[in-house]
Amino acid sequence: MTHLPREISAADFKAQCLKLMDQVEQQRTEVIITKRGKPVAKLVPFMVQAPSVFGFMAGTGIIQGDIETPIEESWNAEHD
């Protein structure tokens, strides 16, 4: 069974704002605020979203010097 959000008038919301904010946070519910019976806003619990693993380091690297031109030194993978 789906729980419908509670509706409250703007005047009642104004009078009970802090209490409603606590209830929404603790009970993880939503409150729809109405004006003259029409919905105008929704109070929802805040959810912190984890950053995406794709691109989270974008812009943090620094390129120093030329990274395309081959170097003059020879390299051997088996040499210590």
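Residues numbered from 1 in each chain as written. Predicted model: local features only at pLDDT ≥ 70, side-chain atom pairs only at ≥ 80, totals over all residues. Heavy atoms only, no water.

- With an unreviewed UniProt entry as reference, the protein is termed Antitoxin, source organism Gloeobacter kilaueensis.
- In UniProt, the protein has this text filed under Sequence similarities (unreviewed entry): "Belongs to the phD/YefM antitoxin family." (UniProt positions renumbered as here; feature names shortened; annotations may be inferred.)

**Some points on the nonpolar core**
Here is step 1 of the chain: Counting residues in each nonpolar core, the largest one holds 7 residues, listed as Ile 8, Phe 13, Leu 20, Val 24, Val 31, Ile 33 and Leu 43.
Here is step 2 of the chain: Residue assignment for this core shows that the elements contributing at least two residues are helix 1 (10–27) and strand 2 (31–35).
Here is step 3 of the chain: The greatest single-element share of this core, amounting to 3 residues, is contributed by helix 1.
Here is step 4 of the chain: Each residue touching Ile 8, except ones within four places of it in the same chain, is listed here: Phe 13, Gln 16, Leu 20, Val 31, Ile 32, Ile 33 and Thr 34. (Core = buried A, V, L, I, M, F, W, Y, C linked by side-chain atoms within 4.5 Å. Buried < 20%, exposed > 50% of the residue type's maximum accessible area, 1.4 Å probe, protein only. Helix = DSSP H or I, 4+ residues; strand = E, 2+ residues; numbered from the N terminus. Contact = heavy atoms within 4.5 Å.)

**Section: the pattern of salt bridges**
Here is step 1 of the chain: Under the defined criterion, the tally for this structure stands at 1 salt bridge.
Here is step 2 of the chain: Here Lys 42 makes a salt bridge to Glu 30, at a shortest N to O gap of 3.6 Å. Linking Lys 42 in strand 3 (residues 38–43) with Glu 30 in the loop between helix 1 and strand 2, this pair joins segments that are 12 residues apart in sequence.
Here is step 3 of the chain: A relative accessible area of 31% means that Glu 30 is categorised as partly exposed. (Salt bridge = Lys/Arg side-chain N within 4 Å of Asp/Glu carboxyl O.)

**Focus on a nonpolar patch on the surface**
Here is step 1 of the chain: Side chains of Val 53, Phe 54, Phe 56 and Met 57 sit close together on the surface and give an oily, nonpolar patch of about 530 Å² of accessible area.
Here is step 2 of the chain: Checked against the element boundaries, Met 57 lands in the segment after strand 3.
Here is step 3 of the chain: With a relative accessible area of 51%, Met 57 lands in the exposed category. (Patch = residues over 30% accessible without salt bridge, like charges linked within 9 Å, V, L, I, M, F, W, Y side chains within 5 Å. Areas by Shrake-Rupley, 256 points an atom, 1.4 Å probe, with all protein chains shown as cover.)

**Things to note about the sheet that holds strand 2**
Here is step 1 of the chain: The strand order across the open sheet formed by 3 strands is 1-2-3, and the pairing between neighbours is mixed. Both outer strands of the open sheet, strand 1 (6–9) and strand 3, are each paired with one neighbouring strand and no more. Neighbour to neighbour, the strand axes of the sheet diverge by 35° on average, direction disregarded.
Here is step 2 of the chain: Bridge analysis of strand 2 against strand 3 gives 5 bridges, and the strand direction is antiparallel. Residue pairing in the sheet places Lys 35 in a bridge with Lys 38 of strand 3.
Here is step 3 of the chain: This element, helix 1, spans strand 1, strand 2 and strand 3 of the sheet and lies at about 140° to strand 1. (Pairing = 2+ DSSP bridges. Axes fitted to C-alpha atoms, helices over the stretch in contact; angles between N-to-C directions.)

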